[in-house]
There are 2 protein chains.
Amino acid sequence: MTRGPRRATVKDVAALAGVSPKTVSNVMTGTVFVRPDTREKVLAAVEELRFVPNLSARSLRNGRTGVIALALPDLATAFSADMVHRVVQVAHERGMVVLIEETAAEPQREYDLVSRAREHQIDGLILNPIRLKDSIIVHDDQLPPVVLIGEVEQHKVDRVLIDSRQAGYEVTAHLLERGAKRVAAVGGETGAADATATSIQRLDGYNRALRDHGIAPDPALEVYVEEWSMVGGAEAAEELLGRDTGFDAIMAFTDSIAFGAMHVLQEHGLSVPGDVLISGFDDVEHARFMNPSLTTVALDRRAFAEAAVDLLMTRIEDRATPPRAVAIPHELVIRGSTTR
Amino acid sequence: MTRGPRRATVKDVAALAGVSPKTVSNVMTGTVFVRPDTREKVLAAVEELRFVPNLSARSLRNGRTGVIALALPDLATAFSADMVHRVVQVAHERGMVVLIEETAAEPQREYDLVSRAREHQIDGLILNPIRLKDSIIVHDDQLPPVVLIGEVEQHKVDRVLIDSRQAGYEVTAHLLERGAKRVAAVGGETGAADATATSIQRLDGYNRALRDHGIAPDPALEVYVEEWSMVGGAEAAEELLGRDTGFDAIMAFTDSIAFGAMHVLQEHGLSVPGDVLISGFDDVEHARFMNPSLTTVALDRRAFAEAAVDLLMTRIEDRATPPRAVAIPHELVIRGSTTR
DNA sequence: CTGAAAGCGCTAACAC
DNA sequence: GTGTTAGCGCTTTCAG
């Protein structure tokens, strides 16, 4: 390995500025007051030597790296993209940088991240768990600072959540009130072995809405989608069409699922919203730009990211703080896909 | 700051296993052969102490962190999301982790990243420059390992590119051959102060295609889009409709622009592809799922990410290697938006 | 193949 | 306010 020219160190700067290394350190970190003229001398030396502090050394000393990790199941989804975008922005405002990890392809990685966080030299972790069972969190006695995002049922760890149960209720009720009689729920199944809290809660809201409107649930209207993507949504729609259930609305568990489903319906000559009403979840940017635009559940993702980062930073500061949960409010955004 | 229990160190492991720290190190890094029984003893001690090596210390010693940065203008776009996804996957396969940075909101950051990479303790940087002028790269004598991605005109640095000029030619020709007479180019303008290499090349291909088909370019058909997003595309379409140019096709510089434009046209009661043909660039996943699906220029993004990561790793290994450019082939994918 | 000692660059603790 | 000393945890000499 070829290396560049040797870097200047605090010692070099100190020598040139005629001060001690500690003073250089004080100037660089800015935590202690330094007399202006000394400060100037140091800065001049820093400039001349193009001194850049070595963060590895600093981390080794003070135990903090200024790096947090964001671990999401699938980075290719619009929701993930937006989360990455927001978290990177917020973290940067707080003086931290963000390491990205993807967990869906390799479930073991989720566990690995939690248990070996320190190896990766991250100060903390924001995790959207999919396979992570409570046991992993609970059984590990020395967790790194972790914030869970999503609809996790887990009370020992900081988390940011939305009330998916209520949201699921609201969209379903909206579909029903717009005249739908046979609303399909497209996403996870409560019964599935890997049922996520998200699935369970959204489906629960859906079922309660049906009940409140005097409609009996029909298992044929519940479609399981393995991958919550457009491809998954498309497959689910084909499945649904094959079942011949006479559905007249789709309550999709994510916008991506809704997009995929809508595409297939339209390919089959069905009109949205003429023949079938469709709703999504997340309000990703595409929702506004589809044809028709998509009714969906929106949440303030900036607030979501801020809550996650801030919870994490508090936890990093004080590992003993009792776990907190922050709920981000949601809002039903009604658009063309449910407006005839 | 509250801390967890003290972590085990190589020393502790060495003591428990009855060997020297160096042997522990040898076992952990796996670079040297260690006698199986010694190895076992060490591993047992590692297990018992739940020893996790401290990467800051390791970095401090060997100058490498195993972290690369990926800096993109806007993380919220589908193209970015997919790049993040791929780069994280490839990097992970190569044993590296990825730090994400966003540059558009704060152009200074681009310079900062290049010039202060070492401070951030990254081994190298994959950068999709937008504002970065050649001067910054050229003038800095001690660059960190950098790979530029996109259509950068820059021969002193490793880069991964696609032949946007040729691709621009091909889509435009396709539009023309499908009967369009008045093709609008929606993206950047060559004349704009911040014209990017991407704009220049795509527009150049567009102009050459027009010429080869005996059509005179019309400045009224060139629409500048500041933000290459759906919102930007929507605004551009409004602008184009306002200009009353009698356009019958849109060659959008990205899929997102195309989506935004298509939405507006359809809102105005125009049919795609009936009244207007539309094409995009990038082949993001949504392209297939729009209504109609979008004709676009596809490139193998997995190959793109692999090329970027591999160039970077080679550069990290040997700073003296002459700069290389890898071209990723593209392909015109014809879909509903140009099929009547 | 394994051990001992030195030091990567920085800052916490303590002097002054 | 600033200097001195020591050491964070690891790996690289260099011996053996």
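Thresholds, definitions, all that
- Just so you know, the residues in each chain are numbered from 1, in the order the chain's sequence is written.
- For naming, the first written chain is A and the first written ligand is 1, with later ones following in the order written.
- Owing to the predicted nature of the model, reporting of local features is limited to residues with pLDDT of at least 70; listing and counting of side-chain atom pairs is limited to 80 or more, with chain, interface and lining totals taken over all residues.
- Only hydrogens and water are set aside; all other atoms, that is, all heavy atoms of the structure, feed into the side-chain values.
- At least two bridges found by DSSP between two strands is the condition for calling them paired.
- Helix and strand assignments follow DSSP, with helices taken as H or I runs no shorter than four residues and strands as E runs no shorter than two, numbered in order from the N terminus.
- The angle between two axes is taken between their N-to-C directions and runs from 0 to 180 degrees, where each axis is a line fitted to C-alpha atoms and a helix contributes only its stretch in contact.
- Here the copies are matched by least squares. The fit uses the C-alpha atoms of residues with pLDDT of at least 70 in both.
- It suffices for a single heavy atom of a residue to lie within 4 Å of a molecule or strand for the residue to be listed as near it.
- Here a polar contact means two N or O atoms within 3.5 Å. Within protein one must be a hydrogen donor candidate and the other an acceptor candidate, and residues neighboring in sequence count only if both atoms are side-chain atoms.
- We call Asp, Glu, Lys and Arg charged. Ala, Val, Leu, Ile, Met, Phe, Trp, Tyr, Cys and Pro are nonpolar, and the rest, Gly among them, are polar.

A.B. asks: Looking at this structure, I do not really get the sheet that holds strand β6 (residues 183-187) of chain A. What am I missing?
C.D. replies: Either a parallel or an antiparallel arrangement is found when strands of a sheet pair, and the pairing is made through backbone hydrogen bonds. Residue and element names in this part refer to chain A. If you walk across this open sheet you meet the four strands as β7-β6-β8-β9, and the pairing is parallel. Two strands close off the open sheet at either side, each with one partner strand: β7 (222-224) and β9 (277-279). Looking at each pair of strands side by side, their axes are set apart by 15° on average, direction ignored. Here β6 pairs with β7 via three bridges, running parallel. Bridge assignment links V186 to a residue of β7, and that residue is V223.

A.B. asks: Sorry, what's going on with the relation of the copies chain B and chain A here?
C.D. replies: Mapping between the two copies of the chain is achieved by a rotation about an axis and a shift along the axis. For the match of chain B to chain A, the screw axis carries a shift of 0.1 Å, the RMSD comes to 0.1 Å, and the turn is 180°. Both chain copies can therefore be described as sitting about a two-fold axis.

A.B. asks: Please clarify how the protein's contact with DNA strand C should be interpreted in this entry.
C.D. replies: Taken together, 22 residues lie near DNA strand C, and A:V10, A:R58, B:T23, B:F33 and B:T38 sit nearest. Each atom of DNA strand C within 4 Å of the protein was assigned to sugar, phosphate or base; sugar and phosphate come to 70%. Side-chain polar atom of A:S25 to a phosphate oxygen of DNA strand C: 2.8 Å apart, as the coordinates give it. Within the contact set of DNA strand C, a phosphate oxygen lies 2.6 Å away from a side-chain nitrogen or oxygen of B:T38. Of all the elements in the fold, those that place two or more residues in the surface near DNA strand C are α2 (21-29) and α4 (55-62) of chain A together with α2 (21-29) and α4 (55-62) of chain B. No other element matches the four residues that α4(A) contributes to the surface near DNA strand C. Classifying every residue of the surface near DNA strand C by side-chain character gives nine nonpolar, seven polar and six charged.

A.B. asks: How should the protein's contact with DNA strand D be read in this particular structure?
C.D. replies: Not every one of the 22 residues close to DNA strand D is listed here, only the nearest: A:T23, A:T38, B:V10, B:K22 and B:R58. Among the atoms of DNA strand D lying within 4 Å of the protein, the sugar-phosphate backbone contributes 65%. The side chain of A:T38 places a nitrogen or oxygen atom 2.6 Å from a phosphate oxygen of DNA strand D. Where the surface near DNA strand D is concerned, the elements lending two or more residues are α2 and α4 of chain A together with α2 and α4 of chain B. When residues of the surface near DNA strand D are assigned to their parent elements, the largest contribution, four residues, is made by α4(B). When grouped by side-chain class, the residues that make up the surface near DNA strand D number nine nonpolar, seven polar and six charged.

Interpretation note: all reported values are geometric properties and have no functional meaning in isolation.
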